[in-house]
Amino acid sequence: MKLLYLGNQLSKHGFNKTTIETLGLQLEQEGFIVYFASDKKSFSLRMLDMMRSVICYRKQVSYILIDTYSTKAFWYALVCSQLARVLNIKYIPILHGGDLPNRLKNNPKLCRMVFANAYQNVAPSGYLKKAFENVGFKNVIHIPNSIEIDKYEFKSREKLTPKLLWVRAFASIYNPEMAIKVLFELQRKYPNTTLTMVGPDKDGSLQTTKAFADSLGISVTFTGQLSKEDWWELASEHDIFINTTHFDNTPISVMEAMALGLPVVSTNVGGIPYLLTDNENALLVNDNDVVAMTNSICYLLENQGKTKELTSNARTFIAQMDWNVVKEGWKQVLR
């Protein structure tokens, strides 16, 4: 079976890999023939390349997969889905944007054009599945994001130290400045607290975050973008993973932290509570609540037994999202 996969294939330009570069490869390994678009850096050129691909492969592919986000990249899904409709090709939006519920609310007509006419909408989280069903979409199925669990070496931390790790693209929706504020507060009690922030710049937030750290007179390690293997190695040198986002779905970096044995402290926004359960496999705080996140990290440092319980539960939970399990859902949809 042949597929066309549309998404932001931009890792060669210094951006993090997105689902098109992970799920696409996994589908190829399962025997599907997959064509991809687009790796063009320019927004307009990427749009044109996606449209061209829909037209060029219209008679070859059985389905078009479309990575669908909530902000600027939403327009790729809108334009390409309607082109697929005209050409009578079945298309499947894969719902990634943590702020998609607001898109449903603010642009109901455009959203109905995209999602009501889809062959299926695939929600990687129960959060988005519920949000879509609540506004009347019936053609939504849940297939979680996946990881290959055997590739992740679980490290049991015998003695937790205040070495914090943050992994995400630098964008305002991910609230990187909150990590700086948490570091500043923690250093009042634990002067040896460190913070490493991993990820490429997306909207100028990297420079803003660096400037903010400088203004507070605190030192932060900024690595830029790293390969998965490099940040996994870096994870072994850190003890606590923090996720500060304003909006989210089911972030792969958080899933990977769980697999690696890092205790996670996260904001409880969007789809996060469908991935993380407070006090069971992670600690959750309200959006932008610096004090609560600081206190949660202190709790982990002062309760090593509880930390081991959280990380063990997290590894067990995330094993359910191994590709060998998740791929059966994709095979059922596509075949």
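Source: prediction; values computed, not measured.

Here we come to helix α14 (residues 323–334). Taking 1.5 Å per residue, twelve residues should reach 16 Å; α14 reaches 16 Å between its end C-alpha atoms and fits that length. Residues Trp323, Val326, Lys327, Trp330, Val333 and Leu334 constitute the buried set of α14. In a view along the axis of α14, the buried residues occupy a sector of 115 degrees, so they form one face of it. Facing away from the buried side of α14 by over 90 degrees, the exposed positions are Val325 and Gln332. Considering only its buried residues, α14 is in contact with β1 (2–6), α1 (23–29), β3 (63–68), β4 (90–95), β5 (121–123) and β6 (140–142).

On to the pattern of salt bridges, then. Tallied over the entire structure, the rule returns 14 salt bridges. Glu30 is paired through a salt bridge with Lys331; the nearest N and O atoms lie 3.3 Å apart. Of the two residues, Glu30 is situated in the loop between α1 and β2 (33–37) and Lys331 in helix α14; the sequence distance between them amounts to 301 residues. Judged by its relative accessible area of 22%, Lys331 falls in the partly exposed class. Between Glu158 and Lys308 there is a salt bridge; the shortest N-O distance is 2.9 Å. Remark: Lys308 occurs in helix α13 (residues 304–318) and Glu158 occurs in the loop between β6 and β7 (163–167); sequence separation between them is 150 residues. Given the relative accessible area of 56%, Glu158 is considered exposed. Shared partners join several salt bridges into a network, and the residues in it are Glu30, Lys327, Glu328 and Lys331.

The linkage connecting Ala37 with the following residue, Ser38, adopts the cis geometry, with an omega of 15 degrees. You can see Ser38 is positioned in the loop between β2 and α2 (43–56). You will see that Asn279, though not glycine, has its phi angle at about 70 degrees, which is positive. Looking at where Asn279 falls in the secondary structure, it is placed in the loop between α11 (272–275) and β12 (283–285). We classify Asn279 as partly exposed; its relative accessible area is 39%.

Ordered by their spatial adjacency, six strands build an open sheet running β9-β8-β7-β10-β11-β12, and the pairing between neighbours is parallel. Bordering the open sheet on either side are β9 (221–224) and β12, each of which pairs with just one other strand. Adjacent strand axes in the sheet meet at a mean angle of 20 degrees, parallel and antiparallel pairs treated alike. Taken together, the three bridges between strand β10 (residues 240–243) and strand β11 (residues 264–267) define a ladder with parallel strand orientation. Opposite Ile242, over in β11, you have Val265 as the bridge partner. Of the strands in this sheet, β7, β8 (194–198), β9 and β10 touch helix α9 (residues 228–235), which is tilted by about 160 degrees from β7.

To continue, consider the nonpolar core. Grouped together as the largest cluster of nonpolar side chains are 33 residues, with contacts concentrated most on Leu195, Ile240, Ile242 and Ile297. Broken down by secondary-structure element, the contributors of at least two residues to this core are β7, α7 (176–189), β8, α8 (205–216), β10, β12 and α12 (290–302). Setting aside chain neighbours within four positions, we find Ile297 in contact with Leu164, Val182, Leu186, Ile240, Ile242 and Val265. Trp231, Ala257, Leu262 and Val264 belong to the second largest nonpolar core, which has 28 residues in total.

Attention shifts here to the pairing of β11. In β11, alternate side chains face the same way, and those of Val264 and Ser266 on one face and Val265 and Thr267 on the other are all buried. Note that the unit made of β10, helix α10 (residues 252–260) and β11 has a crossover that is right-handed. Relative to β12, β11 runs parallel, the two sharing three bridges. Opposite Val265, over in β12, you have Leu283 as the bridge partner.

Definitions and limits used
- Residues numbered from 1 in each chain as written.
- Predicted model: local features only at pLDDT ≥ 70, side-chain atom pairs only at ≥ 80, totals over all residues.
- Heavy atoms only, no water.
- Helix = DSSP H or I, 4+ residues; strand = E, 2+ residues; numbered from the N terminus.
- Expected span 1.5 Å × (residues − 1).
- Buried < 20%, exposed > 50% of the residue type's maximum accessible area, 1.4 Å probe, protein only.
- Arc of directions from axis to C-beta.
- Contact = heavy atoms within 4.5 Å.
- Salt bridge = Lys/Arg side-chain N within 4 Å of Asp/Glu carboxyl O.
- Pairing = 2+ DSSP bridges.
- Axes fitted to C-alpha atoms, helices over the stretch in contact; angles between N-to-C directions.
- Core = buried A, V, L, I, M, F, W, Y, C linked by side-chain atoms within 4.5 Å.
- Right-handed = clockwise from strand over helix to strand, strands pointing away.

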